[in-house]
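Here is what each chain is made of, one letter per residue.
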Amino acid sequence: MLRKMMLLLLLGFALSHPVRAALTIEITGGTAGAQPIAIVPFGWDGQDALSTDVAEVVAADLHRSGAFAPLPKADLLSQPHEGPQINFADWRVLGAPNIVVGKIRPSGNGYMVQFQLFDVFKGTQITGYSIASTAQDLRRTAHQISDLIYEVLTGKPGAFATRIAYVTEVVTNRKSRYSLNVADADGYNPIPILHSPAPLMSPSWSPDGKRLAYVSFERRRSEIYIHDLATRKRDLVASSQGINSAPAWSPDGQRLALVLSKDGNPEIYVLNIKNNSLQRITNSPSIDTEPGWTPDGARLVFTSDRGGKPQIYQVSIPANGVVSKPQRLTFEGDYNAHGVVSPDGRSLVMVHGQGNRFRIAVQDLSDNDLRILTDTRLDESPSFAPNGAIIVYATEVNNRGVLAMVSLDGAVRQRLTQTEGDAREPAWGPRIHRIKP
Amino acid sequence: MKSYLKLLMVLVPVAILAGCSSPKVAQKPAPIEDRTASAATPSTASTPATSGVEVLAAPDKGNFAGEELVDPLKDATGLLAKKTIYFEYDSSEIREEGRAIVEAHAANLIKNPKLTVTLEGHADERGSREYNLALGENRAKAVQQLMQLKGVPAKQMDVVSFGEERPVDMGHDDTAWAKNRRVELIFK
Amino acid sequence: MTIKAFSNSRAVIYAILVHVALIALLGVSLNWTPKITAQPQIQAMSAVVIDDSQLIEKKRAQQQAEQRKQENERLQALKEQQLLDEPRIEQRQEERSKETKEKEQEKRAVVEQAKIKKQQEALREAKLKTAQEEQAKKVKQADKQRAELEAKRKAEDKRRIEAEEDALQEQLAAEQQRRDSDREKLANAALAKFSVLIKQKVQRNWLRPQTARQGMSCTVLVRLTVKGEVLLARVVESSGDTAYDRSVEAAVYKASPLPLPQDVTLFDYFREINFVFKPEG
């Protein structure tokens, strides 16, 4: 009986002091949005004014990606230029989890650009670099800084120190002059590669960023050239009867998918650039055009009106073997064309038409969920940034052809600057120069 | 001829700026050429360099000086003066009025075996450029097929497409679009 | 007139010494006037970056340690205070003890009764014994039987008493249990309420990145101070997406201080929290 009492007492004692496991709370929802970030204007040691406001370029880059919302300059409480100058308690009030500070000083004929990225809540440095830069390269250095910051905060590579190729048309006295240009991804520093009185179309970058394939009408018909950007030499690679167009460089740089109508009507072919061998991909009386590669180089998406109106299809192209039967990918809307697969292979961006309205849409290839990204009316030629986060495309604003960009979630949209004429047919170049950490 | 002068005017800048003396590439393997399969086509008769391009649609060429008093192609009262066939949106079907024009030209071509025509196909700006390039060709080929049906020998015809690249009307409405959906008959 | 002063030669010596000393002092002090030679050099200020981040760190660590110590002491004091003057529970305790006393009295009465009964039994036995001695032989067997009966009855009584005592003990233990579960109910109620408040505040502060996808999940372990401030936040299970993980940490820090119940004895439940972040479609 005594033992019973003891047991009961012990039990009672135990019940009144339970073992404390960590409480678990599930958080769902939240708001979709860009993460605030404080980017403080960089300090400058030198005498003359700098040609580039580095912090401004970084802020614009990060904003364009759609992932970040740089705080307005007016909200910045102070202007630290390096770690010890930052009072983290003050900055915590603003609610931005990260802060970028930097300073530039003259060094030789150029500059030394230093930047640091801090975690505001923990008060610790996340990353920081000192980059030597020439005066002309200062803008590019700013883009490289954007890439470094973007990569460490998202785990994905940035696409800010990249370039885009595009076509412009300038009309003077009812005469058109067409140019193929290459500019920074934010539209700055445009450099013409080719001028022609005849139309130019469909530029496509080689994966090493050294060459461009494009369509030229200079001999009164469509022909495909490959143009070396360094030597400025070009080769005519397709000039068959009928249409030669829609060149698309394969991810391994060995092949060019293209459209030829020499066999009766426009069909997709794959050209081996080295040995000039041609592999036919489609064979139907319908229009088959606009081939685009999947990142593994094993499949092509293309536009076909075999179902009546243009839709996007997919076909496998094994190295040796029979090409698979094309499989339709798009089912929404009455017109889907110019399909481009994202660098991670998960999404398909396209020109999506309903009635007279043509917009850029993106389709998730796993669940076929389609999202419309733009709200203009005459959009065309979408192209992915190499990190898959932003899309450049051509559109019409006030009767003028312009280039625009939209982030993959459709949240951030920007128009690119342009001096004169119409801009169209943008193609986003690959990442080439990277600062190795 | 005027065209040759215009030719020169644009030849020079392109040559300079493109940085290559001629677009020919002797050392590389020959590009995909399929010209030998078909008969000699009129467009290859032009020089390799860029020809002076006329943006305006109404061609006013006539190489028949001395052969006829009145060039039927220039006779404004005749059907042969019409050299453009129009199409419906996203269609390459030749409609009634178009048929009549094509048939008239077909007859004329048969009568003049030395006469050659380039059928230039075009599309309006809606949709993607590459698809429109193919659509333009479809339209030009439709005209070619009808002509062949009427007895015109293949060697007298050539087909080329400019897609939406050479509109006659730069507007962005139905009127402009209707004017741009066309096949033009270009005679040399 | 005789000057008597000089008889004291010591005085004279002293006087002279004092004068000499004074003169010497003057001489020396004269030499102290600074000589202006060249213009003093203006030292250029070299900007040296003082890296006092370590000092700041140390100071902060110290402060945190101090804070923690203070909080623990405060916690302890409050706890003790709490235990001393929790009126309601005491009152119930008094009621219970009053009940216990009554039960004990009952028990004592029962025991008393048993005692009386025993005494009566003893008397009876004595009487029976004398009667038996008269009829010893006759009722030997009857005696035996009766003795056995007595023994049985005793055993039964004993068992009954024991059973009643056991029942009493069980009742007491049950009372104790009920008291504990009341306390637990209080705690559970606070837990539920503040979990919701905390969840709402963190959710309000969560900015989800564009790369968030259905099925993603990130778990952050958070330690709080008594005031609900985030002491540390650490990702213990990554979602696989850097931007997502970072957004989750930022949400927790921005929501600091988290709402906590006033009752500090409940702090134990909230000291460490695992937040599991999942986007909703």
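Below is a summary of the structure that appears in this document. (Residues numbered from 1 in each chain as written. Chains lettered and ligands numbered in written order. Predicted model: local features only at pLDDT ≥ 70, side-chain atom pairs only at ≥ 80, totals over all residues.)

1. Section: the overall build of chain A
Step number 1: Counting secondary structure elements, chain A contains 4 helices and 32 strands.
Step number 2: Each of the 437 residues in chain A was classed as buried or not, and the buried ones make up 50%.
Step number 3: Residue pairs at least 24 apart in sequence account for 43% of intrachain contacts in chain A once pairs closer than 6 positions are excluded. (Helix = DSSP H or I, 4+ residues; strand = E, 2+ residues; numbered from the N terminus. Buried ≥ 20, exposed ≤ 12 C-beta atoms within 10 Å, placed from the backbone. Contact = placed C-beta atoms within 7 Å.)

2. Here's the deal with the interface of chain A and chain C
Frequently, the measure chosen for interface size is the accessible area that the parts lose on association.
Step number 1: Counting residues at the interface gives 35 residues for chain A, matched by 42 residues for chain C.
Step number 2: When contributions to the side of chain A that touches chain C are tallied by element, the ones reaching two or more residues are α1 (2-16), β1 (23-28), β2 (31-32) and α4 (138-154) of chain A.
Step number 3: Partitioned by chemical class, the residues of the side of chain A that touches chain C number 16 nonpolar, 15 polar and 4 charged.
Step number 4: With 6 bridges connecting them, β1 of chain A and strand β4 (residues 272-278) of chain C associate as parallel partners. Considered in β4 of chain C, the bridge of L23 of chain A is made with I273 of chain C. (Nonpolar A, V, L, I, M, F, W, Y, C, P; charged D, E, K, R; others polar. Pairing = 2+ DSSP bridges.)

3. Regarding the sheet that holds strand β16 (residues 244-249) of chain A
Residue and element names in this part refer to chain A.
Step number 1: The antiparallel open sheet is built from 4 strands, whose spatial order is β16-β17-β18-β19. Either end of the sheet is taken by a strand with one partner, and the two such strands are β16 and β19 (278-280). Recorded for the sheet is a direction-independent mean angle of 25° between the axes of neighbouring strands.
Step number 2: Here 3 bridges tie strand β18 (residues 267-272) to β19, and the two strands are oriented antiparallel to one another. Residue pairing for β19: V270 is matched across the bridge by Q279. (Axes fitted to C-alpha atoms, helices over the stretch in contact; angles between N-to-C directions.)

4. What about α4 of chain A?
Note on helix geometry: an α-helix contains 3.6 residues per turn, so any two residues three or four positions apart are oriented the same way.
Step number 1: Taking 1.5 Å per residue as the helical rise, α4 of chain A with its 17 residues ought to reach 24 Å, and the 24 Å between its terminal C-alpha atoms agrees with that figure.
Step number 2: Once α4 of chain A ends, the next one or two residues include G155 of chain A, with phi positive near 75°. (Expected span 1.5 Å × (residues − 1).)

5. Some details on the environment of F358 of chain A
Step number 1: By the secondary structure assignment, F358 of chain A is in strand β26 (residues 357-364).
Step number 2: Residues F358 of chain A and N336 of chain A, 22 residues apart in the sequence, show an inter-C-alpha distance of 9.1 Å.

6. A word on unusual backbone geometry
Step number 1: Cis geometry marks the peptide bond from S256 of chain C to P257 of chain C, where omega comes out at 0°.
Step number 2: With respect to the helices and strands, P257 of chain C occurs in the loop between α5 (242-255) and α6 (267-270).
Step number 3: With phi around 60°, R232 of chain A is a residue other than glycine that occupies positive phi space.
Step number 4: Examined against the element boundaries, R232 of chain A turns out to sit in the loop between β14 (223-228) and β15 (234-238).

7. Observations regarding the sheet that holds strand β25 (residues 347-354) of chain A
All names here are of chain A.
Step number 1: In space, the 4 strands of this open sheet follow the order β24-β25-β26-β27, with antiparallel pairing throughout. Strand pairing shows two members of the sheet lacking a second neighbour, β24 (335-341) and β27 (370-372), which therefore form its edges. The average angle at which neighbouring strand axes cross in this sheet is 30°, direction not considered.
Step number 2: Across 5 bridges, β24 lies against β25 in antiparallel orientation. Within β25, the residue paired with V341 across the bridge is L348.

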